[in-house]
Amino acid sequence: MACAHKSFPLTKARLQSLVQQHPTPFYLYDEAGIRQNARAILNAFSIFPRFKEHYAVKALPNPFILQILAQEGFGADCSSLPELLLAQQAGIHGEDVMFTSNETPAKEYKTALAMGAVINLDDFTHIAFLEQTARIPDLISCRYNPGPLKGGNAIIGKPEEAKYGFTREQILRAFPLLRDKGARRFALHTMVASNELNPEYHIETARILFELAVELWVKADIRLEFVNLGGGLGIPYTPEQQPVNYTYLAAGIRKAYDALIVPAGLDPLGIHTEWARAVTGPYGWLVARAIHRKHIYREYIGLDACMADLMRPALYGAYHHITIPGKEEAPCTETYDVVGSLCENNDKFAVQRKLPKIEAGESTGDFVVIHDAGAHGRAMGFNYNGKLRCGELLLGSDGALSLIRRKETLEDYFATLSAKPLPLCRGL
Ligand SMILES: *Cc1c(COP(=O)(O)O)cnc(C)c1O
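These figures come from a predicted structure and were not determined experimentally. Each chain carries its own residue numbering, running from 1 in the written order of its sequence. Predicted model: local features are reported for residues with pLDDT of at least 70 only, side-chain atom pairs are reported and counted for 80 or more only, and whole-chain, interface and lining totals are derived from all residues. As a rule here, side-chain values come from all non-hydrogen atoms in the structure, and water together with hydrogens is ignored.

**Things to note about the nonpolar core**
With 103 residues, the main nonpolar core has F45, F175, L178, F210 and L224 as its most contacted residues. Looking at which element gives the most residues to this core, the answer is helix α8 (residues 199-220), with 10 residues. Of the residues that make up this core, three or more belong to each of domain 1 (12-28 + 282-414) and domain 2 (31-280). If sequence neighbours within four positions are ignored, F45 has contacts with F51, Y246, L249, A250, I253 and W275. Here the nonpolar core consists of buried residues drawn from Ala, Val, Leu, Ile, Met, Phe, Trp, Tyr and Cys, with membership extended through side-chain atoms lying within 4.5 Å. Buried means the residue's accessible area, taken with a 1.4 Å probe over protein chains only, is under 20% of the maximum for its type, while exposed means over 50%, and partly exposed covers the values in between. Within the second largest apolar cluster, 13 residues are counted, among which are L10, L18, V287 and F367. We count a stretch as a helix when DSSP gives it H or I for four or more residues in a row; a strand needs E for two or more, and each element gets its number in order from the N terminus. What marks off one domain from the next here is an automatic or database domain assignment. Only heavy atoms matter for contacts: two residues are in contact if any of them lie within 4.5 Å across the pair.

Shown next, in the form of structure tokens:
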């Protein structure tokens, strides 16, 4: 059986020379791919009078990547103080930053306000909280939870069971109250999808926001400046799946816009998004090496990476395609569980996966490339079992490789302990 194909930008020979300087495991990102994708998104959505994509920083919190996106005209979506600082470092400022947080501490609101970011409130009680701890800004956004109006998808679940956002009735009360408290510009946000490949789902989300925009105008005399459709655009993790067609998606949203927003006299209304996975996901890979082979009831390939480097397969049973550089054309004759070294049996990058025959060895083993790790990959890494998080390399548009984050060291691991060891409990 032939192996299904997914592309990886480096040859085995280039990897072999690369690891002399940067041993596996590491993440690799492709600048040219990210830029091309960003341009395709902007091109498709240029049919709207105003469009802005705020890349969700949590998915790949590296300012070098954020800077590339900023150069393409993207803003940032942040949910914490460190993420606000990352956006700032990447040169993303003012209203190009959405601050979509929940259970927000006062200090974070203050920083976001000082930076001129768009505050996106998660709850009705935060109107008073924001007013008391800081002030109500000129421009304010509220996060809408459509509850039973929206079916929900597999990963994110039903909106009714989600902790986020205002109910419809609260939204209708919130904006007039915010106006009474001095706000002059208004935006409406929702986030009801995760890794959703069906464009109709996203078009329906836009329609729900447009309907509420019209209702706010008619019932409360609130004219929105923009709606933010949130994130959740899916990517094809398996080789059989197809990417979302941006042109089709934009046209579908435009149709709803023409049916609802234009006749209500609300044109121009800004269309904002917070996609992350669809922006960088396909342009990042976790590169590891097969260091051990094990034959018991199943055949195992043990990697020098583990779920502390990429948690999605263990966390969601998510499929991540695997290729073996140099064996792209080899037949998939073997069935392996490809595993990491964590003391957790769910530390498996692939279960019963058809792959070419893999050679193992600490310096001679095959490279194992795990695809679609460019979003929610290293960012979800952790230190459990004393695992040190791996570094990040960028393949520049000019073909040069640069280290944009080094590996963690033992010194990093011990750095947060108090300087002096705890006194021993004598006499116990
Ligand atoms: C996680 C998140 C995103 C990005 O989600 P993707 O699925 O990566 O597009 C956008 N907005 C908010 C509020 C989020 O929590």
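After presenting the structure, the write-up continues.
**Description of the site of the ligand**
Among the 13 residues in the neighbourhood of the ligand, the closest are listed as K58, G232, E274, R277 and H376. Between N or O atoms, a polar contact is any pair within 3.5 Å; within protein, one atom must be a potential hydrogen donor and the other a potential acceptor, and residues adjacent in sequence are included only when both atoms are from side chains. Within the side chain of E274, one N or O atom sits 2.6 Å away from a nitrogen atom of the ligand. Here H376 contributes a side-chain N or O atom positioned 2.7 Å from an oxygen atom of the ligand. Surface accessibility in these figures is a Shrake-Rupley result with a 1.4 Å probe; residues are shielded only by whichever protein chains are displayed. Surface burial for the ligand is 89%, taken as the share of its 390 Å² of free accessible area covered by protein chains. Here the residues of the shell around the ligand sort into 4 nonpolar, 4 polar and 5 charged. When we say a residue is near a molecule or strand, we mean one of its heavy atoms is within 4 Å of it. Ten residue types, Ala, Val, Leu, Ile, Met, Phe, Trp, Tyr, Cys and Pro, are classed as nonpolar, four, Asp, Glu, Lys and Arg, as charged, and the remainder, Gly among them, as polar.

**Re the domain arrangement of the protein chain**
Examined at the domain level, the protein chain breaks down into domain 1 (12-28 + 282-414) and domain 2 (31-280). Contacts between domain 1 and domain 2 engage 20 residues on the former and 26 residues on the latter. Accessible area, probed at 1.4 Å, shrinks when two parts are joined; the buried area is that loss added up over both. Where domain 1 abuts domain 2, roughly 1900 Å² becomes buried across the two surfaces, and 60% of that area is made up of carbon and sulfur atoms. On the domain 1 side of the interface with domain 2, the three residues burying the most area are Y283, H376 and I404, jointly 29% of the side's total. Any carboxyl oxygen of Asp or Glu that lies within 4 Å of a side-chain nitrogen of Lys or Arg is treated as forming a salt bridge with it. Inspection of the domain 1/domain 2 interface yields 0 salt bridges. Taken together, the connections running from domain 1 to domain 2 amount to 9 residue pairs in polar contact (both at pLDDT 80 or more). When residues of the side of domain 1 that touches domain 2 are traced back to their parent elements, those giving at least two are β16 (391-395) and β17 (401-405).

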